[in-house]
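Coordinates in review
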Amino acid sequence: MHTRTGSATTPPAVGTDVTAHPTAPTTNPAKVRGHSTRFTSRPQGGGTAPVDERAVFTAVVYVQTSGCAWRYLPESFGVSPATTHRRFTAWTRAVLWRRVHRAVLDELGARGGLDWSSAIVDAASVRAKRGGTLTGPNPVDRGKKGSKLHVLSEAQGLPLAVAVSGANVHDSQAFKPLVLGILVVRSRRGPPRRKPVKVRADKAYYSAEHLRWLHSRNLVARITRPGIESGERLGRHRWKIERSISWLFGYRRLTVRYERKGSHFLAFLGLAVTLTCYKKLARLTV
């Protein structure tokens, strides 16, 4: 579902691909090491020895957290900015972030850390300084280029699926892709699951088609009806997804988009949701 344009008719690029305000030393590189691509030595010998994946991953998390440009990566990480960016690109092409996010969700599910009683959907826009794919004129920012982050969380606010689109794409266009993008994860008891009981959203997502679609999938719709229902009842639950989005914006690489490639911005969003979920997992395993 990864698209490369930002027109209003183009569906958003969805990826749980790949996730408080983390710092690099608190991340667990073992989660990445088990899913990363293999860099083998050349048959003829010679060349440069591969860099430590832990150091590279820590450097990527630093860029994600601080929002600094790749060229300003401190030398103390022991890896060059070019090597870090090259490895980040390789991991993105290998869909590493999606696999790591699923691994963390599996651990959370096995420990009963996920609340499947409902899923909550919302979106937020950011400015795209350099344009690029998956951008569009933002109608609430004087038509400047921007991207929209779409997030679906479980009942506690832990992100289960994310997507990126142009800022001019209506929120409702990401509704079905987000629900379908929920990963199958382990449960504490019983078979793996991917379906919440209810789906909550504001009036921007309301349509008869969405209601019928949710009913066909045995999902209970809790979507505010415009002009009929007040958003106050939804507000008792919506603050959780708004808190989740604020957690994601704690990673400064997401507050303003500088990546011209939509896949790279989606990768940073995927890494943010993975780290957010891992923070919850770390508290459960203490």
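This report concerns the structure included in the present document. (Residues numbered from 1 in each chain as written. Predicted model: local features only at pLDDT ≥ 70, side-chain atom pairs only at ≥ 80, totals over all residues. Heavy atoms only, no water.)

Details of the overall build of the protein
Scanning the protein from terminus to terminus reveals 8 helices and 8 strands. Per-residue burial for the protein yields a buried fraction of 50% across its 286 residues. (Helix = DSSP H or I, 4+ residues; strand = E, 2+ residues; numbered from the N terminus. Buried < 20%, exposed > 50% of the residue type's maximum accessible area, 1.4 Å probe, protein only.)

Points about the nonpolar core
Formed by 40 residues in total, the largest nonpolar core has its most connected members in Val60, Val79, Phe88, Trp97, Leu248, Leu254 and Leu269. For this core, the secondary-structure elements that each account for two or more residues are helix H2 (53–66), helix H3 (81–93), helix H4 (96–110), strand E2 (118–128), strand E4 (145–154), strand E5 (159–166), helix H7 (232–249) and helix H8 (262–284). If one sorts the elements of this core by residue count, H8 sits on top with 9 residues. Residues within four places of valine 79 in sequence aside, it is in contact with Val51, Ala55, Val56, Ala59, Leu73 and Thr84. Ranked by size, the runner-up nonpolar core spans 30 residues in total, among them Trp213, Leu219, Ile223 and Cys277. (Core = buried A, V, L, I, M, F, W, Y, C linked by side-chain atoms within 4.5 Å. Contact = heavy atoms within 4.5 Å.)

Some words on the pairing of strand E7 (residues 220–223)
Pairing between strand E6 (residues 198–201) and E7: 4 bridges, direction parallel. Across the sheet, residue lysine 198 finds its bridge partner in E7, namely valine 220. Of the crossover connections in this fold, the one passing from E6 over helix H6 (residues 208–216) to the parallel E7 is right-handed. (Pairing = 2+ DSSP bridges. Right-handed = clockwise from strand over helix to strand, strands pointing away.)

A look at H6
For H6, the set of buried residues is His210, Trp213 and Leu214. Viewed end-on, H6 has its buried residues packed into an arc of 95°, placing them on one side of the element. In this structure, H6 carries Arg212, His215 and Ser216 as exposed residues pointing more than 90 degrees from its buried face. Looking at the buried positions of H6, the neighbouring elements they touch are helix H5 (175–180), E6 and E7. (Arc of directions from axis to C-beta.)

Some remarks on the pattern of salt bridges
Tallied over the full model, the rule gives 9 salt bridges. Here aspartate 171 makes a salt bridge to lysine 148, at a shortest N to O gap of 2.8 Å. Of this pair, aspartate 171 sits in the loop between E5 and H5 while lysine 148 sits in strand E4, placing them 23 residues apart in sequence. In this pair, the class of aspartate 171 matches that of lysine 148, namely buried. Put simply, Asp122, Asp202, Arg238 and Glu242 are held in one network by salt bridges that share partners. (Salt bridge = Lys/Arg side-chain N within 4 Å of Asp/Glu carboxyl O.)

Here we look at the pairing of E6
Examined bridge by bridge, E2 and E6 share 3 bridges and lie parallel to one another. Residue isoleucine 120 lies in a different strand from E6, and its bridge partner there is arginine 200.

Observations regarding H3
Between its terminal C-alpha atoms H3 stretches 18 Å, which fits the 18 Å expected from 13 residues at 1.5 Å a residue. Turning to H3, its buried residues are Thr83, Thr84, Arg87, Phe88, Thr89, Trp91 and Thr92. Positive phi shows up at valine 95, right after H3, with a value of about 55°. (Expected span 1.5 Å × (residues − 1).)

A closer look at a positive patch on the surface
Together, Arg98, Arg102, Arg194, Lys195 and Arg217 line one region of the surface with positive charge. Mapped onto the secondary structure, lysine 195 falls in the loop between H5 and E6. (Patch = residues over 30% accessible without salt bridge, like charges linked within 9 Å, V, L, I, M, F, W, Y side chains within 5 Å. Areas by Shrake-Rupley, 256 points an atom, 1.4 Å probe, with all protein chains shown as cover. Lys, Arg positive; Asp, Glu negative; His and termini not counted. Charge placed at Lys NZ, Arg CZ, Asp CG, Glu CD.)

Remarks on the side chain of histidine 150
Note that histidine 150 resides in strand E4. Judged by its relative accessible area of 0%, histidine 150 falls in the buried class. Side-chain polar atoms of histidine 150 contact the side chain of serine 165, separated by 2.8 Å. Other than its neighbours up to four places away in sequence, histidine 150 contacts Pro12, Asp122, Ala123, Ala161, Val162, Ala163, Val164, Ser165, Asp171, Ala174 and Leu178. (Polar contact = N/O pair within 3.5 Å; in protein donor to acceptor, adjacent residues only side chain to side chain.)

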